[in-house]
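Descriptive analysis of the structure
Okay, here's what each chain looks like letter by letter:
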Amino acid sequence: MRQAYGLKILNANHQDVRRLKREGHQAELHGNKFWNSSFLIMDHLKRHPLKKNSRVLEIGCGWGLLGIYCAKTFGCRVTGIDADPNVFPYLQLHAEKNGVTMAGEKKSFQQLDQRYLSNFDVILGADICYWDEMTGLLMNLIARARRAGVQQVMISDPCRPPFTDLAERCDKKYDGVLLVEKFLKRPVNASGEILIV
Ligand SMILES: C[S@@+](CC[C@H](N)C(=O)[O-])C[C@H]1O[C@@H](n2cnc3c(N)ncnc32)[C@H](O)[C@@H]1O
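Residues numbered from 1 in each chain as written. Predicted model: local features only at pLDDT ≥ 70, side-chain atom pairs only at ≥ 80, totals over all residues. Heavy atoms only, no water.

Here we look at the state of the cysteines
Under the criterion given, the structure shown has zero disulfides. We note that C76 lacks a disulfide partner, and the nearest cysteine sulfur, in C70, lies 5.2 Å from it. You can see C170 has no disulfide; the closest cysteine sulfur is in C129, sitting 9.2 Å from it. (Disulfide = S-S within 2.5 Å.)

Structure below.
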C-alpha cells in the first residue's frame, strides 16, 4: 500500500486486491489498476479546492481514487460511474480503506442523460479518452452536462491524440476553456494536461 495526496492506494499485489481478482473481478476496459492522470487533477484541486458538499461525478472511475480524494479532502458527495461493473469492488475497497463513502453505478458515458447529470456540480475524469470514438462520446457528454447546469468538467490525460482532439474541439466550441499543463515528480513521474470546461 502507498500513500499519496492523503490517500491510501493499494498495490496490485496487496492481499485484498489479489482476493478480489481471485473472486473473478477482472476489469476489461483498462480499469484493472489505478492510472496516474488522477494525480494531475488531485494536484490541481489542492490549489483550487472544491466546496464542501459539492456533488461530484467521477466518470470512467475505475478504482475511484479521484472521487475518493474529493470525498476525503473536501467533504464532497461523490458518485462514480463506469461501464465495467468489475471495477466497483476495488472502488468500495479503497473507499473503506480511506474511511469515506462513494456510490458506484454501472453506466456508460452514453447513458448519462441531462436529467441524471443535473444531480451534479462537478464532473471529473482521468485517463478516459484513449480510443478515437471516446472523443465524440465525451463531446456529447460535455454538451449535456452544460445543459444540465453542471458548473465544471475536468478531464486529465497524458495527451493521447483522442484527448488532444477533444481539447481542441471544446476550445473551438466553448468560451473560457482552460488547458492546464502538469508535470509531477512526486508521488510518481507523471505529465499531461487537464481540460477544464
Ligand atoms: C484507463 S481506465 C482509468 C480509470 C480511472 N479513471 C483511473 O484514473 O484510474 C478507463 C476507465 O474508463 C472506463 N470506460 C471506458 N469506456 C467507458 C464508457 N464508454 N463509459 C463509461 N466508462 C468507460 C473503463 O472501464 C475504465 O475503468
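Some thoughts on the packing of aromatic side chains
Throughout the structure, instances matching the rule amount to seven aromatic pairs. Here the aromatic rings of F34 and F39 are separated by 5.1 Å at their centres, their planes lie at 85°, and the arrangement is edge-to-face. As far as burial versus exposure is concerned, F34 and F39 are alike and both buried. Plain terms: the ring middles of Y116 and F120 are 5.6 Å apart, the flat faces sit at 50° to each other, and that makes the pair tilted. Taking relative accessible area as the criterion, Y116 reaches 15% and is therefore assigned buried. F120 gets classed as buried once you look at its relative accessible area, which sits at 7%. Among the aromatic residues, those joined into a cluster by ring pairs are Y5, F34, F39, Y69 and F74. For K107, the ring lying beneath its charged end belongs to Y116, and the centroid distance is 5.0 Å. (Phe/Tyr/Trp six-rings, centres within 6.5 Å; stacked < 30°, edge-to-face > 60°. Buried < 20%, exposed > 50% of the residue type's maximum accessible area, 1.4 Å probe, protein only. Lys NZ or Arg CZ within 6 Å of the ring centre and 35° of its normal.)

A closer look at the site of the ligand
The environment of the ligand is formed by 23 residues, the closest being W35, G60, D82, F109 and A126. Between the ligand and the protein, one listed contact pairs an oxygen atom with a side-chain N or O atom of S38 at 3.2 Å. A distance of 2.5 Å separates an oxygen atom of the ligand from a polar atom in the side chain of D82. Mapping the ligand onto the cavity grids shows that it belongs to the largest pocket. Grouping the amino acids of the shell around the ligand by side-chain chemistry returns ten nonpolar, seven polar and six charged. (Near = heavy atom within 4 Å. Polar contact = N/O pair within 3.5 Å; in protein donor to acceptor, adjacent residues only side chain to side chain. 1 Å grid on protein atoms, 1.4 Å probe; cavity = no way out; pocket = protein on both sides within 12 Å on 5 of 7 lines; lining within 4 Å. Sits in = over half its atoms within 2 Å of the grid points. Nonpolar A, V, L, I, M, F, W, Y, C, P; charged D, E, K, R; others polar.)

Side note on a negative patch on the surface
On the surface, a cluster of negative charge is contributed by D132, E133, D165, E168 and D171. The element contributing the most residues to the negative patch is helix α7 (residues 161-173), with three residues. (Patch = residues over 30% accessible without salt bridge, like charges linked within 9 Å, V, L, I, M, F, W, Y side chains within 5 Å. Areas by Shrake-Rupley, 256 points an atom, 1.4 Å probe, with all protein chains shown as cover. Salt bridge = Lys/Arg side-chain N within 4 Å of Asp/Glu carboxyl O. Lys, Arg positive; Asp, Glu negative; His and termini not counted. Charge placed at Lys NZ, Arg CZ, Asp CG, Glu CD. Helix = DSSP H or I, 4+ residues; strand = E, 2+ residues; numbered from the N terminus.)

So, unusual backbone geometry
The peptide bond linking R186 to P187 adopts the cis configuration, its omega dihedral lying at 5°. As for its position among the elements, P187 is in the loop between β8 (178-184) and β9 (190-196). One non-glycine residue, Y5, lies in the positive phi region at around 50°. In this structure, Y5 sits in the loop between β1 (2-4) and β2 (7-9). On the basis of relative accessible area, Y5 is assigned to the buried category, the value being 18%. Despite not being glycine, C159 shows a phi value in the positive range, around 75°. Mapped onto the fold, C159 is located in the loop between β7 (152-157) and α7. Given a relative accessible area of 33%, C159 falls into the partly exposed group.

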